[in-house]
Amino acid sequence: MGLLGRQCVSSANNYNRDDPSGWGPGRGFAPCGAMGTLMRAGLRQIEKRIARARNCNEALATVIEIGTMAVIPVFRGCMFLSGGVSAMSHYSISINGATRQVEAAPDTPLLWVLRDALDLPGTKYGCGVGSCGACMVQLNGVPTRSCMTPVSTVGRKQVVTIEGLSLQGDHPLQTAWQELDVPQCGYCQSGQIMTAAALLKENPNPTDADIDSAMAGNLCRCATYLRIRAGIHRAAELAGQKKGVA
Ligand code: FES
Ligand code: FES
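Here goes a summary of the coordinates provided.

What counts, and at which threshold
- Counting of residues starts from 1 at the beginning of each chain's written sequence and follows it residue by residue.
- Think of it this way: whatever chain is written first is A, whatever ligand is written first is 1, and the rest follow in order.
- Given that this is a predicted model, residues contribute local features only at a pLDDT of at least 70 and side-chain atom pairs are listed and counted only at 80 or more, while totals for whole chains, interfaces and linings are drawn from all residues.
- Side-chain measures here rest on the full set of heavy atoms in the structure, leaving out hydrogens and waters.
- Any two strands with at least two DSSP-identified bridges between them are counted as paired.
- Numbering of helices and strands runs from the N terminus, with a helix taken as a DSSP run of H or I at least four residues long and a strand as a DSSP run of E at least two residues long.
- Helix axes are fitted to C-alpha atoms over the stretch in contact, other axes to C-alpha atoms as well, and angles between N-to-C directions run from 0 to 180 degrees.
- Contact criterion: two residues are considered in contact whenever any of their non-hydrogen atoms come within 4.5 Å of each other.
- Think of a nonpolar core as a cluster: buried Ala, Val, Leu, Ile, Met, Phe, Trp, Tyr and Cys residues, connected wherever their side-chain atoms sit within 4.5 Å.
- Throughout, exposure labels follow a simple rule: accessible area from a 1.4 Å probe, protein chains only, divided by the maximum for the residue type, with under 20% read as buried, over 50% as exposed, and the rest as partly exposed.
- We count a salt bridge whenever a side-chain nitrogen from Lys or Arg sits within 4 Å of a carboxyl oxygen from Asp or Glu.

1. Brief notes about the sheet that holds strand β4 (residues 142-145)
Remark on secondary structure: sheet strands pair via backbone hydrogen bonds, oriented parallel or antiparallel. Strand order across the open sheet formed by five strands is β2-β1-β5-β3-β4, with mixed pairing between neighbours. At either margin of the open sheet sits one strand with a lone partner, and together these are β2 (98-104) and β4. Each neighbouring strand pair of the sheet contributes to a mean axis angle of 45°, computed without reference to strand direction. When strand β3 (residues 136-139) meets strand β5 (residues 158-160), the two strands line up antiparallel, connected through two bridges. Bridging across to β5, Q138 finds its partner in V160. Lying over the sheet, helix α5 (residues 189-202) contacts β3, β4 and β5, oriented at roughly 35° with respect to β3.

2. Digging into the nonpolar core
Counting 20 residues, the largest nonpolar core has L173, W177 and I232 as the members making the most contacts within it. The set of elements that each furnish at least two residues to this core consists of α4 (172-179), α5 and α7 (225-245). Among the elements that make up this core, the one with the highest residue count is α5 (six residues). When residues no more than four places from it in sequence are discounted, the contact partners of W177 are V182, P183, Q189, Q192, I193, I228, G231 and I232. Formed by 15 residues, the second largest nonpolar core is a distinct cluster that contains I95, L110, L139 and V154.

3. Some points on α4
Of all the residues in α4, the buried ones are P172, L173, Q174, A176 and W177. Just downstream of α4 lies D181, where phi reads positive at about 55°.

4. Thoughts on the pairing of β4
Pairing between β3 and β4: four bridges, direction antiparallel. Across the sheet, M136 pairs through a bridge with R145, a residue of β4.

5. Quick word on the pattern of salt bridges
Taken as a whole and assessed by the stated rule, the structure comprises four salt bridges. One salt bridge in this structure joins R234 and E179, with 2.7 Å as the shortest N-O distance. Taken as a pair, R234 in helix α7 and E179 in helix α4 lie far apart in primary sequence, 55 residues in all. Between R234 and E237 there is a salt bridge, and its shortest N-O distance comes to 2.6 Å. Here E237 and R234 lie together in helix α7, a separation of three residues that amounts to about one turn. Linked through salt bridges whose partners overlap, the residues forming this network are E179, R234 and E237.

6. Section: the side chain of T224
Summarising the element assignment, T224 is placed in the loop between α6 (208-214) and α7. Contact partners of T224, with chain neighbours within four places excluded, come to V182, P183, Q184 and Q189.

Bear in mind that shape data such as this cannot, by itself, settle questions of function.
And the structure:
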C-alpha cells in the first residue's frame with residue numbers, strides 16, 4: 001500500500017520524544033486520503049511551475065518555494081484535523097505534594113511532562129510501550145507507567161515520583177537499597193522502588209511470592225532481581241523498626 005493510501009494514526013504510545021514536532025515516524029502518523037488528494041494537487045502545481053522554469057536553479061527555487069509556502073502548511077493542517085498534531089492545553093497537576101502548572105498536548109505522556117517540562121528526571125524512559133516499568137510513578141498510590149499515561153488523564157490524582165518518595169531520600173527502601181547495594185547500572189531502579197513502595201504500603205511483610213508477583217512488571221536488564229527481593233525484605237524490617245521506635 002502506498003504512503004498516500006494509508007490511514008491516519010495518532011497514538012500516545014508511539015509518541016517520539018526525539019521528535020516533539022510530531023513529524024517523525026515514531027509518532028505513528030501516516031497521511032489520510034484527504035491529505036493524499038491535497039498533496040497530489042500540490043505536486044501537480046510543482047510540476048507545472050517546473051515545466052515553466054528556464055533552468056535548473058529556477059526549478060529548484062520553485063520546488064523550495066512551493067514546498068515551504070504551500071505543501072507543508074497543508075500537510076500540517078491535515079495532520080491537525082486528523083489528530084496527528086494536538087493543540088496545547090493547560091494542566092494543573094499535583095506532583096509530590098505540590099501543584100504544578102504545565103502546557104502540553106493532551107496526549108503527551110506524563111513521563112515527558114515530568115522529565116522535560118517539570119525537570120523531574122528521576123523517572124526513566126525505558127521502552128516507551130508499557131513493557132519495562134522504568135517509568136513507574138504512583139497515581140493515588142497505585143504504581144502506574146507514566147509512558148502510557150496521557151497527561152490529560154491525570155486530573156486530580158496525586159502523582160508521586162522517586163523525587164517525592166522521601167524528602168531526605170531516607171525511605172526504608174532507599175536505605176535498604178544502599179545497605180545491600182542493590183543497583184548495578186541503576187537505570188531501572190527508580191521504577192523498581194516506586195513499585196516496591198506501593199507493595200509495602202499494601203503489604204508491610206511480603207513473602208517472596210508476594211514480591212515476585214508485585215514486581216513482575218519491572219524489568220532489570222542487569223538482572224538484580226534477587227537483590228531487589230532482598231532489599232524489599234530489608235526495607236520491610238526497617239519500616240517495622242521505625243514503627244516500633246515511634
Ligand atoms: S518506559 Fe514505560 S514501561 Fe518502559
Ligand atoms: S540495574 Fe541495570 S537495568 Fe536494573
